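# Fold and geometry: a report
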Amino acid sequence: MERRKFVKRSVLGSLTAALGMDIVFGWKIPAGYTPLVFQDPDPYSMFGKDKQMVLLNDRPWNMEAQAHLLDDPVTPDKFMFIRNNGLVPEEIDVDSWTLTIDGEAVRQKKVYTLKDLKSRFPVHSYQLTLECGGNGRSEFDPAAKGNQWTVGAVSCAEWTGIRLGDLLEEVGIKNEAVYVGYHAADIHLSRDPSKEPISRGIPIAKAMQKETLLAFAMNGRDIPMVHGHPLRLIAGGWPASASGKWLNRLSIRDQVHDGAKMTGTSYRVPCNTVAPGEKVKDEDMCIIESMPVKSLITHPKSGAVISNGKSLKIRGHAWAGELEVTKMEYSIDFGSTWTSCTINQPPNRLAWQRFEANVAFPKKGYYEIWSRATDSNGVSQPMVLPGWNPKGYLNNACHRIAVKVS
Ligand SMILES: Nc1nc2c(c(=O)[nH]1)N[C@H]1C(S)=C(S)[C@@H](COP(=O)(O)O)O[C@H]1N2
Ligand SMILES: [Mo]
């Protein structure tokens, strides 16, 4: 049989990766034939997501979790939100995948294969919180354009890879290096190959942190296709847009990286607070770096009904960008008084922290439980919507769930 009548091995590899299981007899698929599972545009089966995830957009694909789906200390793949700015790469050949390091401030341009990266440097695993800068956008008034995320564009998976700092040390960067910009293999919505859907980055200091990874595995397996297979930059605690998926090039820049969605108003907020709806000049917008302190009640699900006289165990996670959460409280009286929760140490820096409390209610009726985290600088979550900004970033208001005591 002639090989060329059948799908290429590289295509089969990416189909298998996308499906998350072996395609038995896959090598018998005729060239040009798309298996039914991929003809079906059902994003849940295509991306291996739980049916309770909420689809926000299909071009590009964007999907968020509900708070109660994020109850696991380490977020399983099926509950991890999806945020794409373009189209998922169609064909990925792991064997020929390379990462190029270039830019004005690199000592010499270098190209690594995946095998080089995995074998030349020590491998590390960390649990790292990734929250979309626009998580919570749906609450802003006047409304901000963009995906109307509620609370579910956040995850804390376990990422495995090599340290970006180790790689940069071997490559050698010049004194004038200030930023690392990423480039990736996803496709612009226009399908114009000269355009990138997104090309953001991080300052050198963030790149050098020991938790900043070039990851090739998530939750102990190859990174799922939609989350950046086969290589991803991971910068925990910063807006997740800094963590480039499908990574194939890093540019060591002698200026702040100016790739797609790095400039203008993208992932920036007014340097000084503005009135809701106010126009802000581009030069008065500052790049979002560490994400603000925030928490999420992941158990019970909002709307829980309990019987009078019983106490209710609540739990969730809290995180604070580059900082740690040092205090966690809840309120059942709309923020008038606050009671402490227990808060765990993070398993490693930049991972979210578990909190728990036993809540007692004075009598039958409708309640809301509000959760409030405080970071190691003493800054707490605002009770309601914080500083309005044109693009609707950084809504870290207290999380709230409804409870009925009957
Ligand atoms: N190459 C590439 N990397 C990307 C994106 C993208 O569209 N393309 N989206 C970014 C944004 S805005 C977010 S919030 C996270 C989402 O990561 P996830 O889909 O794995 O949850 O990936 C970031 N990295
Ligand atoms: Mo994002």
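Structure shown above.
The sections below set out a description of the structure shown in this document. (Residues numbered from 1 in each chain as written. Chains lettered and ligands numbered in written order. Predicted model: local features only at pLDDT ≥ 70, side-chain atom pairs only at ≥ 80, totals over all residues. Heavy atoms only, no water.)

### What to know about the sheet that holds strand 19 (residues 325-331)
Taken in spatial order, the five strands line up as 17-24-23-19-20 in an open sheet, and their pairing is mixed. Each having just a single partner strand, strand 17 (304-306) and strand 20 (339-340) make up the two edges of the open sheet. By the bridge criterion, two bridges tie strand 19 to strand 20 in an arrangement that is antiparallel. Looking at strand 20, one finds that Tyr330 is bridged to Thr339. (Pairing = 2+ DSSP bridges. Helix = DSSP H or I, 4+ residues; strand = E, 2+ residues; numbered from the N terminus.)

### Considerations on the state of the cysteines
Tallied over the entire structure, the rule returns one disulfide. Put simply, Cys271 and Cys286 are joined by a disulfide, and their sulfur atoms are 2.1 Å apart. On the sign convention where negative means left-handed, the S-S torsion of about 100° between Cys271 and Cys286 marks this disulfide as right-handed. With Cys271 in the loop between strand 14 (268-270) and strand 15 (285-287) and Cys286 in strand 15, the pair connects residues that are 15 residues apart, well separated along the chain. Judged by relative accessible area, Cys286 falls into the partly exposed class, the value being 33%. Cysteine Cys156 is unpaired, with the sulfur of Cys132 as its nearest cysteine sulfur at 16 Å. Its relative accessible area of 0% is what places Cys156 among the buried residues. (Disulfide = S-S within 2.5 Å. Buried < 20%, exposed > 50% of the residue type's maximum accessible area, 1.4 Å probe, protein only.)

### What about the site of ligand 1?
By nearness alone, 19 residues border ligand 1, and Phe81, Asn85, Asp186, Arg232 and Lys245 come closest of all. The backbone of Arg83 places a nitrogen or oxygen atom 2.9 Å from an oxygen atom of ligand 1. For ligand 1, whose accessible area on its own is 540 Å², the fraction buried by protein is 100%. Counting residues per element, the ones that place at least two in the shell around ligand 1 are strand 3 (82-83) and strand 8 (179-184). Across the shell around ligand 1, the residue classes tally to nine nonpolar, six polar and four charged. (Near = heavy atom within 4 Å. Polar contact = N/O pair within 3.5 Å; in protein donor to acceptor, adjacent residues only side chain to side chain. Areas by Shrake-Rupley, 256 points an atom, 1.4 Å probe, with all protein chains shown as cover. Nonpolar A, V, L, I, M, F, W, Y, C, P; charged D, E, K, R; others polar.)

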